[in-house]
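# Breakdown of the fold
This is what each chain is made of:
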Amino acid sequence: MGSYDLSQINEVSLAFQIYGDLRQVEPCKIGHINETYIATYNQGGSVVRYVHQKINTEVFRDPAGVMDNIGRVTRHQRARLEKSGVEDVTRRVLTVVPTRDGESFHRTPAGACWRTFVFVENVRTYESVTSPALAHEAGRAFGEFQRSLSDLPGKRLVETIPNFHNSRRRFDAFAAAADGDKYNRAKSAVAEVKFAGAREKIVDTILKAMAKRQIPERATHNDTKFNNVMLDSTTGKAMCVVDLDTVMPGCALYDFGDMVRTTTSPTLEDELDLSKVHARMPLFRALCRGYLEATEGMLTRHERALIAFSGQLLTLTIGLRFLTDYLSGDTYFRVHRPFHNLERARTQFRLVESLEKQAEAMQKFADSV
Ligand code: GN1
Ligand code: MG
């Protein structure tokens, strides 16, 4: 990935309030949507790093709205951290570097939108979870993230992608793609289409509870993949939650469900050996404990009752999105091989099965925390 070289990034970097000379640029391969580069500068003799990111404006149609949300959220979180007296504030919350004109992002003459963050040093991310301690950190980090936004002042956040986690709409889009079969791919996904079709009955559960106001709308992260948590390289403690493009009005359970999807299986999202894909109960327990401790007193009875279910629903929903993209010619998620989206969908569906089998035990555990 990455079609930008040093000189092009240099041009972009000149637009921002960075007081250094660009030395090196490396593309960061994590993520299916935006293009991310880690840039090293010599700043008055010190080596400093920044993240330059090209926003995918096909996906995020309102980049100003995205940056407005991110600015409000990070300023609020920073103020909370400063008030709490904790150390290392700039490693605990992202810092947006403004452009030389004082804007939150830069639009190139060709129309590309770029933004810059301070690079957080001495942290690492993981593509899959290797221990209950890590799962606990994931739950705690996103739980604290939600809590930090519970007193966000001002108007409702912008919906950067409307209906992002609307599982009914995701299901209907899948059904239309399978019926239309424009790319003649349904024949290669018969089992997956059947699997998804058989689960239509679960897609309305949370939407209905929200419509009845049993489950509240909250400001949530909406992309709580484990690789969006940066953990201190030395202590292993979660420091900073990143990828804030989809921070918007949502449902606490969608965040928790996506954590279940990305922390309980030992495999990557595109694992080919499906026999390795399963939800590990000890990891679920650690995740759940971390999350419920961090959100203590915040969740309603109705939210708590659907904790285990949310893992199934979100894993199914993301699987539906991968399958829909496969059936629609791979236009949304970046793919690295021909059947990549189908393979990703298969992994999700295998995990759904495993979560279904353990649903009762998982909810029983959540009830006991
Ligand atoms: C996308 O690009 P990345 O990895 O941060 C997607 C998420 C999916 C995820 C699946 C804006 O996130 O919703 O869960 O891929 N983000 C968007 O890996 O669609
Ligand atoms: Mg993301």
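So, how was this worked out
Residues numbered from 1 in each chain as written. Chains lettered and ligands numbered in written order. Predicted model: local features only at pLDDT ≥ 70, side-chain atom pairs only at ≥ 80, totals over all residues. Heavy atoms only, no water. Pairing = 2+ DSSP bridges. Helix = DSSP H or I, 4+ residues; strand = E, 2+ residues; numbered from the N terminus. Contact = heavy atoms within 4.5 Å. Axes fitted to C-alpha atoms, helices over the stretch in contact; angles between N-to-C directions. Near = heavy atom within 4 Å. Polar contact = N/O pair within 3.5 Å; in protein donor to acceptor, adjacent residues only side chain to side chain. Areas by Shrake-Rupley, 256 points an atom, 1.4 Å probe, with all protein chains shown as cover. Domains from an automatic or database assignment. Buried area = accessible area lost by both parts, 1.4 Å probe. Salt bridge = Lys/Arg side-chain N within 4 Å of Asp/Glu carboxyl O. Nonpolar A, V, L, I, M, F, W, Y, C, P; charged D, E, K, R; others polar. Core = buried A, V, L, I, M, F, W, Y, C linked by side-chain atoms within 4.5 Å. Buried < 20%, exposed > 50% of the residue type's maximum accessible area, 1.4 Å probe, protein only. Donors = N, O, S within 2.8 Å, 3.2 Å for Na, K, Ca; no water. Parallel < 35°, antiparallel > 145°, perpendicular 65-115°, else oblique. Left-handed = near helix turned anticlockwise from the far one by under 90°.

This paragraph deals with the sheet that holds strand β3 (residues 46-55). Across the sheet, which stays open at both edges, the 5 strands sit in the order β1-β2-β3-β5-β4 with antiparallel pairing between neighbours. A strand with exactly one partner marks an edge of an open sheet, and here the two such strands are β1 (21-28) and β4 (106-107). Note: β1 against strand β2 (residues 35-43), 7 bridges, orientation antiparallel. Pairing of Gln24 across the sheet is with Thr40, part of β2. The strands touched by helix α1 (residues 6-13) within the sheet are β1, β2, β3 and β5 (113-118), with β1 carrying the most contacts at an inclination of about 110°. With respect to the sheet, helix α2 (residues 63-84) is in contact with β3, β4 and β5, its orientation differing from that of β5 by roughly 15°.

Inspection of the region around ligand 1 gives 16 residues, with His32, Lys225, Glu269, Arg321 and Tyr332 positioned closest. A distance of 2.7 Å separates an oxygen atom of ligand 1 from a polar atom in the backbone of His32. In this structure, an oxygen atom belonging to ligand 1 sits 3.3 Å away from a main-chain N or O atom of Ile33. Alone, ligand 1 offers 440 Å² of accessible surface; in the complex the protein occludes 95% of this. In terms of residues, the shell around ligand 1 owes the most to one element, helix α11 (residues 307-327), which gives 3 residues. Viewed by domain, the shell around ligand 1 spans two of them, domain 1 (6-119) and domain 2 (132-368), each represented by three or more residues.

Our focus in this paragraph is the domain arrangement of the protein chain. Assigned domains of the protein chain: these are domain 1 (6-119) and domain 2 (132-368). At the interface, 26 residues of domain 1 touch 32 residues of domain 2. Three residues stand out in domain 1 for area buried against domain 2, namely His32, Asn69 and Arg72, and they jointly supply 26% of the buried area on that side. Taken together, domain 1 and domain 2 are joined by 4 salt bridges. At the boundary of domain 1 and domain 2, one finds 16 residue pairs in polar contact (both at pLDDT 80 or more). Elements with a contribution of two residues or more to the side of domain 1 that touches domain 2: α2 and α3 (89-92). At 11 residues, the largest contribution of residues to the side of domain 1 that touches domain 2 is made by α2. Class assignment for the residues of the side of domain 1 that touches domain 2 results in 9 nonpolar, 8 polar and 9 charged.

Our next topic: the nonpolar core. With 99 residues, the main nonpolar core has Ile206, Phe256, Ile307 and Leu323 as its most contacted residues. Both domains that furnish three or more residues to this core are identified here as domain 1 (6-119) and domain 2 (132-368). Core analysis: the second largest hydrophobic core is formed by 14 residues, Val12, Phe16, Tyr41 and Tyr50 among them.

The phi angle at Asn122 is positive, at roughly 60°, despite the residue not being glycine. Residue placement: Asn122 occurs in the loop between β5 and β6 (123-124). Of note in this structure, Arg213 is not a glycine but carries a positive phi near 65°. Mapped onto the elements, Arg213 comes out in the loop between α7 (205-211) and β7 (218-220). Overall, the relative accessible area of 74% leaves Arg213 in the exposed class.

Here we come to the coordination of the magnesium ion (ligand 2). Each donor-metal-donor angle would ideally measure 109.5 degrees in four-coordinate tetrahedral geometry, or 90 or 180 degrees in six-coordinate octahedral geometry. The protein atoms donating to the magnesium ion (ligand 2) are Asp223 (OD) and Asp243 (OD), with metal-donor distances spanning 1.8 to 2.0 Å. Residue Asp223 is found in the loop between β7 and β8 (229-232), and its partner Asp243 is found in the loop between β9 (238-241) and β10 (248-250); the two are separated by 20 residues along the sequence. The class of Asp223 is buried, set by a relative accessible area of 18%.

Running from amino to carboxyl end, helix α6 (residues 190-197) crosses α11 at an angle of 140°, the nearest separation of the two axes being 11 Å. When the interaxial angle is binned, α6 and α11 end up oblique. Where α6 crosses over α11, the two elements pack in a sense that is left-handed. Residues Glu192, Val193, Phe195 and Ala196 of α6 form the contact with α11, whose participating residues are Leu316, Leu320, Leu323 and Leu327. Classifying every residue of the contact of α6 with α11 by side-chain character gives 7 nonpolar, no polar and 1 charged.

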